[in-house]
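# Commentary on secondary and tertiary structure
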Amino acid sequence: MISDRKQLHERLWSAAVQLRANSGLKLNEFSEPILGLIFLKFADVRFKRAKEELETDRKNIKSSHRQAPLTPDHFKSKGVLYLPEIATYTYLMSLAEGKNIGKVINEAMKAIEAENTDLAGVLPQDYTSLSKKADENNQILITLLKNFNQIPDDIEGDAFGGIYEYFLGEFARAEGAKGGEFFTAQPIVKLLVEIIEPYHGKIFDPACGSGGMFVQSANFVAAHAKKKTQVMNEVALYGQEKGETNVRIAKMNLAIHGLSGKIAEVNSYYEDPFQSVGKYDYVLANPPFNVKGKDKNKQIVIDPARIQGDPRYYLGLPLTGKKEISNANYLWMQIFASALNPQGRAGFIMANAATDSGHAEKVIRQKMIDAGMVDVILSVGTNMFLNATLSCTLWFFDKRKAGTKRQNKILFINAQDIYTEIDRAHSTWTDEQIQEIAGIVRRYREEEGAGKYSDNKGRCKVATLNEIRANDYSLNPGRYVEIVEKEISEVDFNKRMKELMSEFTSLNEESHKLEKKIAADWEKIL
């Protein structure tokens with residue numbers, strides 16, 4: 001299944017890139033029109049399913065009265081976008097090739113916004129400008145429509161989200177995403193959600209990117225609801241994002257999943273549009289890693305004068321001796337911690353270095369640990385992100401543990417050896433592996449039906465605050481979880497060496513071919 005999805009992603013992406021090369025557009029100019037068409041396809045799939053369900057329900061109702069036609073409200077009651085006929089994918093696919101396809105798609109997007117006011121000003125409407133030549137513009141769009149029509153109508157929501165995420169990651173990688181700003185892999189988001197358990201309440205993500213945290217939270221609510229209920233009756237979603245494009249993409253992502261929320265376009269370091277302090281039941285985030293106060297050209301990225309006295313940074317600013325922000329990691333953590341109400345929980349992704357960082361960052365970490373809010377620290381292996389090989393650490397705050405047996409304890413988990421390989425550069429977690437890890441936390445919390453917790457050498461360890469103080473307030477899981485040394489099988493080693501040698505030989509041959517081609521091309525030029 002994972003392999004099939006990967007092949008579908010690669011096939012769709014390859015076709016899109018090929019067309020982009022023919023359009024003359026830069027990749028960042030091509031991303032929104034592409035994501036807009038994926039949005040249209042998914043909205044169409046959900047619309048058709050809802051229409052079939054509504055019509056079936058109506059047939060089962062015995063009535064002597066003639067039933068009124070379906071209205072947009074019928075679809076909205078199911079959390080589905082209403083699509084006028086001119087905005088359905090079937091209609092767009094039926095257009096004759098002589099039509100101005102770009103103009104028709106623009107009109108389709110306007111029609112969707114008119115029927116679904118939450119999307120006003122969000123959907124891309126520049127489909128007549130992919131190429132300067134009208135006939136070429138038409139051909140690009142026809143090919144793209146056909147390309148995305150390969151996506152089967154029976155595809156599940158999370159698989160569609162996977163396509164969306166794959167494209168977001170590929171766009172980011174092609175543009176050279178820097179500063180730790182990576183799109184979060186769905187399995188990591190699922191684990192964050194499974195551990196903070198956002199059954200009901202206000203959810204906040206001050207670095208919301210494409211909105212994936214909200215989508216997975218909604219999936220969790222839907223899966224655990226005791227009775228069938230609209231997800232939006234259970235949770236309220238609040239997001240912040242500094243990029244205008246990302247805000248639009250996030251709103252599209254919410255809409256195709258039948259969700260709505262407030263997403264503000266702001267710089268979260270400086271601005272707090274929702275007055276977040278003490279407001280939220282849950283915080284989920286994947287902030288940019290290791291952002292320095294000044295960039296390599298000595299330009300100010302985060303001005304300490306602008307955030308001095310901000311109540312969100314109640315534990316102090318991570319300043320260097322020169323009074324510059326040393327690293328934004330502990331600014332983000334304070335944004336998360338300060339946003340929680342007395343029963344709040346937070347789950348977020350951090351660079352590994354944050355567990356051990358020194359100086360002013362260590363002072364802030366010490367205050368967090370002594371306050372008793374840090375609940376779980378989880379070490380994740382490499383290759384879990386689409387466009388980066390880095391490993392990371394998941395942090396969890398839990399203010400509701402005050403007064404419980406966990407008050408002066410922190411759970412450390414080593415999950416570096418839990419993964420399913422997709423290929424050499426990409427790994428994932430299966431649903432079973434996610435539940436395996438989340439189960440450790442549930443046992444530690446003594447949740448009903450979870451079973452009894454016990455430390456497991458190499459996997460998990462509950463450390464007291466006194467033990468953590470003795471380790472100089474380090475939150476590096478390796479300090480507490482004894483890593484079990486695994487013997488390397490000679491058979492596995494020999495097999496892997498043969499594979500690597502074969503690959504090396506193949507790459508060498510390819511290198512020689514390229515050298516010859518380059519030499520031949522130079523001769524032609526000279």
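Residues numbered from 1 in each chain as written. Predicted model: local features only at pLDDT ≥ 70, side-chain atom pairs only at ≥ 80, totals over all residues. Heavy atoms only, no water.

Helices and strands together make up the secondary structure of the protein, namely 16 helices and eleven strands. Burial status across the protein gives 49% buried among its 526 residues. In the protein, the proportion of contacts linking residues at least 24 apart, taken out of those at least 6 apart, comes to 73%. As displayed, the protein has an accessible area near 26,300 Å², and 49% of this comes from carbon and sulfur atoms. (Helix = DSSP H or I, 4+ residues; strand = E, 2+ residues; numbered from the N terminus. Buried < 20%, exposed > 50% of the residue type's maximum accessible area, 1.4 Å probe, protein only. Contact = heavy atoms within 4.5 Å. Areas by Shrake-Rupley, 256 points an atom, 1.4 Å probe, with all protein chains shown as cover.)

One can describe the packing of helix α5 (residues 101–115) onto helix α6 (residues 134–148) by two numbers: an axis separation of 8 Å at closest approach and a directional angle of 55°. Here α6 runs oblique to α5, going by the angle between their axes. Contacts between α5 and α6 pair Ile101, Gly102 and Ile105 from the former with Asn137, Asn138, Leu141, Ile142 and Leu145 from the latter. In terms of residue class, the contact of α5 with α6 is made up of five nonpolar, three polar and no charged. (Axes fitted to C-alpha atoms, helices over the stretch in contact; angles between N-to-C directions. Parallel < 35°, antiparallel > 145°, perpendicular 65-115°, else oblique. Nonpolar A, V, L, I, M, F, W, Y, C, P; charged D, E, K, R; others polar.)

On to the pairing of strand β7 (residues 392–398). With seven of its seven residues buried, β7 lies for the most part within the structure. Neither face of β7 is exposed, since Cys392, Leu394, Phe396 and Asp398 on one face and Thr393, Trp395 and Phe397 on the opposite face are all buried. Note that strand β5 (residues 340–350) and β7 share six bridges and pair antiparallel. Bridged to isoleucine 349 within β7 is leucine 394. (Pairing = 2+ DSSP bridges.)

Glancing now at α5. With 15 residues, α5 should reach 21 Å at 1.5 Å per residue; the first-to-last C-alpha distance of 21 Å fits that figure. Buried residues of α5: Ile101, Gly102, Val104, Ile105, Asn106, Ala108, Met109, Ala111, Ile112 and Glu113, and no others. (Expected span 1.5 Å × (residues − 1).)

A word on the packing of aromatic side chains. Under the counting rule described, the total for this entry stands at 17 aromatic pairs. Taken together, a centroid distance of 5.1 Å and an interplanar angle of 55° make the contact between tyrosine 269 and tryptophan 332 tilted. Of this pair, tyrosine 269 sits in the loop between β3 (262–265) and β4 (280–285) while tryptophan 332 sits in helix α12 (residues 329–339), placing them 63 residues apart in sequence. For tryptophan 332, a relative accessible area of 4% corresponds to the buried category. Pairing phenylalanine 336 with phenylalanine 348 gives two aromatic rings, centres 4.8 Å apart and planes at 45°, and the pair type is tilted. Residue phenylalanine 336 is located in helix α12, and its partner phenylalanine 348 is located in strand β5; the two are separated by twelve residues in the primary sequence. (Phe/Tyr/Trp six-rings, centres within 6.5 Å; stacked < 30°, edge-to-face > 60°.)

Turning our eyes to something else, we now look at the environment of glutamine 308. In this structure, glutamine 308 sits in the loop between α11 (304–307) and α12. In this structure, the C-alpha to C-alpha distance between glutamine 308 and tyrosine 270, residues 38 residues apart in sequence, is 9.9 Å.

The subject of this paragraph is the pattern of salt bridges. Should the charged atoms of two oppositely charged side chains come close, the side chains can pair. In the structure shown here, the tally under the stated rule is 26 salt bridges. When the shortest N-O distance is used, the salt bridge between aspartate 153 and lysine 48 registers 3.0 Å. With aspartate 153 in the loop between α6 and α7 (157–175) and lysine 48 in helix α2 (residues 27–59), the pair connects residues that are 105 residues apart, well separated along the chain. What makes aspartate 153 partly exposed here is its relative accessible area of 38%. Exposure remark for lysine 48: the relative accessible area of 27% places this residue in the partly exposed category. Taking the shortest distance from any N to any O, the salt bridge between lysine 78 and glutamate 53 comes out at 3.1 Å. Here lysine 78, found in the loop between α3 (72–76) and α4 (89–93), pairs with glutamate 53, found in helix α2; they are 25 residues apart in sequence, far enough to count as distant. One continuous salt-bridge network, built from bridges that share partners, spans Glu194, Glu197, Arg345, Asp375, Asp398, Arg400, Lys401, Arg406, Arg442, Arg445 and Glu447. (Salt bridge = Lys/Arg side-chain N within 4 Å of Asp/Glu carboxyl O.)

This part is about the sheet that holds strand β2 (residues 235–241). One open sheet holds the nine strands; their spatial order is β3-β2-β1-β4-β5-β7-β6-β8-β11, and the pairing between them is mixed. The two strands at the open ends of the sheet, each matched to only one other strand, are β3 and β11 (460–464). Geometrically, the sheet is characterised by an average inter-axis angle of 15° between neighbouring strands, direction not taken into account. Strand direction decides the pairing type here: strand β1 (residues 201–205) and β2, joined by five bridges, are parallel. Directly across from phenylalanine 204, in β2, lies its bridge partner tyrosine 238. Across the sheet, helix α14 (residues 431–444) lies against β6 (374–380), β8 (409–415) and β11, angled at about 165° from β8, the strand it touches most.

Moving on, we come to unusual backbone geometry. Phi at glutamate 446 is positive, roughly 60°, even though this residue is not glycine. Relative to the helices and strands, glutamate 446 resides in the loop between α14 and β11. Residue glutamate 446 is classed as exposed on the basis of its relative accessible area, which comes to 54%.

Right, let's get into the nonpolar core. Ranked by internal contacts, the top residues of the largest apolar core, which has 56 residues, are Ile34, Leu37, Phe39, Ile105, Leu144, Phe148 and Phe167. Mapped by element, the contributors of at least two residues to this core are α1 (2–23), α2, α4, α5, α6, α7 and α10 (244–256). For this core, the leading source of residues is α2, giving twelve residues. When neighbours within four sequence positions are excluded, phenylalanine 167 is seen to be in contact with His9, Leu12, Trp13, Ala16, Ile34, Leu35, Ile38 and Phe148. Val189, Val231, Val376 and Cys460 belong to the second largest nonpolar core, which has 51 residues in total. (Core = buried A, V, L, I, M, F, W, Y, C linked by side-chain atoms within 4.5 Å.)

The next thing to look at is the environment of proline 69. Tracing the chain through its elements places proline 69 in the loop between α2 and α3. Classification of proline 69 as exposed rests on a relative accessible area of 65%. Separated by 14 residues in the primary sequence, proline 69 and glutamate 55 place their C-alpha atoms 10.0 Å from one another. If we ignore the near neighbours within four places in the chain, the residues touching proline 69 are Arg58 and His74.

Along its 13 residues, α10 runs 19 Å from first to last C-alpha, staying within 8% of the 18 Å computed at 1.5 Å per residue. Considered for burial, the residues of α10 that qualify are Val247, Arg248, Ile249, Ala250, Met252, Asn253, Leu254, Ala255 and Ile256. Looking one or two residues past α10, glycine 258 carries a phi angle of roughly 75°, positive in sign.

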